[in-house]
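Coordinates in review
So you can see what is in the structure, the chains are spelled out below.
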Amino acid sequence: MDIQKEIQDTAGFLHLDLLARQVVEGYISGIHKSPFHGFSAEFAEHKIYNSGESTRHIDWKLFARTDKLYTRRYEEETNLRCHLILDNSASMHYPELKSQQLGNLNKIGFSVLASACLMQILKRQRDAVGLSVYSNEFEYYAPERAGERHHQMLISKMNDILKAGGSGKNTDTYTYLHQIAEKLKRRSLVFLFTDMFQADAEESELFEALRHLKYNRHEVVLFHIMDRKSELEFDFENTPRRFTDVETGLEVDLYSDNIRENYKKAVESYLADLKMQCAKYQIKYVEADIRKNFDQILTTYLVEKQKFG
């Protein structure tokens, strides 16, 4: 038996599409459902009902008030085009887990499940969705399309990402965001899932790559994926530890208490700059802590969809 292969084959979600559907339906049941009603068309006006026409669209509530028959006329909505971008570098596979399940996710697992949840809503609304995946190379690109076959293809790809792991993959966000931006010719709602870690790039270069995504009037949402407890608060026991950069392999031995204060100051400064640049270029910034649920992701989608039109 190839043990490594067996581990890889069970490293993802057993039923990603089903789990995403359950998360979405659980979320919808807790909010007002109107954003999901009439998703293929919106009400435009009333017109007098003519004998012989279908009674399907008669407004019976209006009939009760006026004693006259009117039908509702609808306007077809322009289908939304949405593009999901996943950072699949080694740092996104932190912390290392043998299996992914709701309530116990690493950064890439959180990103994949959040993306699948968004895809589930887009599928309900018959909207087109595309996917790009990058690390130290441009791993995958699928243009925006609708339909069950396309949906299942993207689900399969995201499962493959989890099974393959991210060992040895550094991040080239700067290069590949520029390339993805060049591919998005038509106006889209763009969701980027990344931890914004890139050791060999200046902050200004990363911000410039984000700005490039705003070309062609795209609406851009940055989901900044993080494990807040360890990556921002540096919450580790004060015992001798060896910390290893999963992308460069560099190691350092230290006591966490000795550097925690300076570490937090440096991280908070970087986050402040990132948020400022996002605000400057009208990019929606969302902190996504893997220890929390998906409500913030789905709520952000609904809000941005309202703005997109």
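Definitions and limits used
- Residues numbered from 1 in each chain as written.
- Predicted model: local features only at pLDDT ≥ 70, side-chain atom pairs only at ≥ 80, totals over all residues.
- Heavy atoms only, no water.
- Helix = DSSP H or I, 4+ residues; strand = E, 2+ residues; numbered from the N terminus.
- Buried < 20%, exposed > 50% of the residue type's maximum accessible area, 1.4 Å probe, protein only.
- Contact = heavy atoms within 4.5 Å.
- Areas by Shrake-Rupley, 256 points an atom, 1.4 Å probe, with all protein chains shown as cover.
- Pairing = 2+ DSSP bridges.
- Axes fitted to C-alpha atoms, helices over the stretch in contact; angles between N-to-C directions.
- pLDDT = per-residue confidence, 0-100.
- Polar contact = N/O pair within 3.5 Å; in protein donor to acceptor, adjacent residues only side chain to side chain.
- Expected span 1.5 Å × (residues − 1).
- Parallel < 35°, antiparallel > 145°, perpendicular 65-115°, else oblique.
- Left-handed = near helix turned anticlockwise from the far one by under 90°.
- Nonpolar A, V, L, I, M, F, W, Y, C, P; charged D, E, K, R; others polar.

1. Structural notes on the overall build of the chain
Counting its secondary structure elements, the chain contains ten helices and ten strands. Looking at the chain as a whole, 46% of its 309 residues qualify as buried. Residue pairs at least 24 apart in sequence account for 76% of intrachain contacts in the chain once pairs closer than 6 positions are excluded. Split by element, the accessible area of the chain, about 16700 Å² in all, is 47% carbon and sulfur.

2. Some details on the sheet that holds strand β10 (residues 284-289)
The six strands lie next to each other as β5-β4-β3-β6-β7-β10, forming an open sheet whose pairing is mixed. The open sheet has two free edges, formed respectively by β5 (138-145) and β10, since each of these has just one partner strand. Geometrically, the sheet is characterised by an average inter-axis angle of 15 degrees between neighbouring strands, direction not taken into account.

3. Regarding the confidence of the model for the chain
For the chain, the mean per-residue pLDDT works out to 83, and 85% of the residues sit at or above 70. Per-element confidence in the chain ranges from a low mean pLDDT of 41 for helix α1 (residues 3-9) to a high of 97 for strand β4 (residues 128-134). Counted against residues more than four places away or in other chains, residues 1-10, with its pLDDT under 50, gives five contacts.

4. Here we look at the side chain of D227
Its location among the elements puts D227 in the loop between β7 (219-226) and α8 (228-232). According to the relative accessible area criterion, D227 is buried, its value standing at 3%. At 2.7 Å, the side chain of D227 and the side chain of R291 are in polar contact. Other than its neighbours up to four places away in sequence, D227 contacts Y94, P95, K107, L232, D289, I290 and R291.

5. As for helix α10 (residues 295-308)
Because the α-helix completes a turn every 3.6 residues, residues three or four places apart line up on one side. Here α10 is 14 residues long and its end C-alpha atoms lie 20 Å apart, about the 20 Å a rise of 1.5 Å per residue gives. The inward-facing, buried residues of α10 abut α2 (16-28), β3 (81-87), α4 (107-124), β6 (189-194), β7 and β10.

6. Brief notes about the pairing of β7
On any regular strand, side chains alternate: one points to one face of the sheet, the next to the other face. Counting buried positions over the eight residues of β7 gives eight, a clear majority of the element. In β7, alternate side chains face the same way, and those of E219, V221, F223 and I225 on one face and V220, L222, H224 and M226 on the other are all buried. Two elements, β6 and β7, share six bridges in a ladder whose sense is parallel. Pairing of F193 across the sheet is with F223, part of β7. Here six bridges tie β7 to β10, and the two strands are oriented parallel to one another. Counterpart to F223 in the pairing with β10 is V286.

7. Some words on unusual backbone geometry
Look at the link from Y94 to P95: it is a cis peptide, with omega at -10 degrees. Structurally, the position occupied by P95 is in the loop between β3 and α4. Positioned with a positive phi, D67 is a non-glycine residue whose angle comes to about 65 degrees. Relative to the elements of secondary structure, D67 occurs in the loop between α3 (60-66) and β2 (70-76). D67 gets classed as exposed once you look at its relative accessible area, which sits at 62%. Positive phi values are uncommon outside glycine, yet R126 reaches one of about 60 degrees. Within the fold, R126 resides in the loop between α4 and β4.

8. Considerations on the pairing of β6
A large share of β6 lies buried, amounting to six of its six residues. Burial of the side chains of β6 extends over both faces: L189, F191 and F193 are buried on one face and V190, L192 and T194 on the other. Of the strand pairs in this sheet, β3 and β6 are connected by five bridges, and their pairing is parallel. Among the inter-strand pairings, L84 is bridged to a residue of β6, identified as F191.

9. So, the packing of α2 against α4
Their axes nearest at 8 Å, the elements α2 and α4 cross at an angle of 70 degrees. With respect to their mutual orientation, α2 and α4 come out roughly perpendicular. Note that α2 runs across α4; the crossing there is right-handed. Residues L16, D17, L19, A20, R21, V23, V24, E25 and I28 of α2 touch α4, and the partners they reach there are V112, L113, A116, C117, Q120, I121, K123 and R124. The residue makeup of the contact of α2 with α4, split by class, is eleven nonpolar, one polar and five charged.

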